[in-house]
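The chain contents come next:
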Amino acid sequence: MLKILKKIILASNNPGKIREIQSLLSGHDMEILPQASFVQEEAEETGQTFLENALIKARHAARLSGLPAIADDSGLEVDALGGAPGVFSARYAGAGAGDRENNVKLLTKLTKVEDDLRTARFRCVMVYVRDAEDANPLIAEGTWEGKILREARGGHGFGYDPLFFVPDQGRSSAELPPEVKNRLSHRGQALRVLVSKMADASI
Ligand code: IMP
């Protein structure tokens, strides 16, 4: 029998994220479509919080596609820096800065910070909107605790992974195999919570 799958837009162009979310939602009668064919211009992330930015991205994708949408926003919070870079994680070293520049800036800022005080966490907020005006979006959050290393380690992942030490694994998140990172990470946690909220809401 032919199954009718519910189409949902994923407000991301990151192939890793798209694969991860598609695999977690398989078996849920849903088809997760990357936003690329509907959204030519990405939404401007003008929010002060991960939640605001996730909602901006989800509403934008839902508006342009006419379909329900999932979006996430995430970043690194370093305690010794009062929670920075936070929502500015992707552009910490300035607009257009890449991972390398952002990591150099982070290490420079923390040069004088002792090992015990280098605590940090990745945070992710993931949302589902039924349409662009949805007044009752589903919201899920995940956090992943760690410490900032003094030099980069490992070749997997992206962003701040080489500097993010995961104490109970004894390795940086860039040294973890991708499937292990997906199981432990802020994004994996948020996604699993969102999937269960979607099931509760009969989506
Ligand atoms: P976005 O949620 O894709 O916009 O990510 C924001 C930024 O946070 C990224 O560009 C990275 O710098 C950082 N970030 C978020 N999640 C991770 C992660 O899992 N590993 C390393 N860096 C991350």
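In what follows, the accompanying structure is described. For clarity, every value in this text was computed on a predicted model and none was experimentally measured.

1. Section: the pairing of strand β5 (residues 138-148)
Next up, step 1: Direction of pairing for strand β4 (residues 119-129) relative to β5: antiparallel, over a ladder of ten bridges. Among the inter-strand pairings, valine 125 is bridged to a residue of β5, identified as glutamate 141.
Next up, step 2: With two bridges joining them, β5 and strand β6 (residues 164-166) adopt antiparallel strand pairing. Bridging across to β6, isoleucine 148 finds its partner in phenylalanine 164.

2. Let's talk about the pattern of salt bridges
Any two side chains of opposite charge can pair if their charged atoms end up close together.
Next up, step 1: Following the criterion strictly, the structure yields 13 salt bridges and no others.
Next up, step 2: In this structure, the salt-bridge partner of aspartate 72 is arginine 187, at a minimum N-O distance of 3.7 Å. Taken together, the residues span a long stretch of sequence, with aspartate 72 in strand β3 (residues 69-78) and arginine 187 in helix α5 (residues 186-200) at a distance of 115 residues.
Next up, step 3: Taking the relative accessible area as the measure of exposure, aspartate 72 reaches 4% and is therefore buried.
Next up, step 4: Its relative accessible area of 6% is what places arginine 187 among the buried residues.
Next up, step 5: With a shortest N-O distance of 3.0 Å, arginine 121 and aspartate 79 are connected by a salt bridge. With arginine 121 in strand β4 and aspartate 79 in the loop between β3 and α3 (99-109), this pair connects stretches of sequence that are 42 residues apart.
Next up, step 6: It is possible to trace a salt-bridge network through shared partners that takes in Glu77, Asp79, Arg121, Arg123, Glu141 and Glu145.

The rules behind these values
Numbers given to residues run from 1 along each chain, matching the order in which its sequence is written. Restriction of local features to residues with pLDDT of at least 70 applies here, the model being predicted, together with a cutoff of 80 or more for giving and counting side-chain atom pairs; totals for whole chains, interfaces and linings are based on all residues. The basis for the side-chain values is all heavy atoms of the structure; hydrogens and waters are excluded. Strands pair, by our definition, only if DSSP identifies at least two bridges between them. Secondary structure is summarised from DSSP: a helix means a run of H or I of at least four residues, a strand means a run of E of at least two, and numbering begins at the N terminus for each. Here, a salt bridge means any side-chain nitrogen of Lys or Arg that lies within 4 Å of a carboxyl oxygen of Asp or Glu. Exposed residues in this analysis have more than 50% of their type's maximum accessible area, buried residues have under 20%, and partly exposed residues fall in between, with area computed by a 1.4 Å probe over protein chains only.

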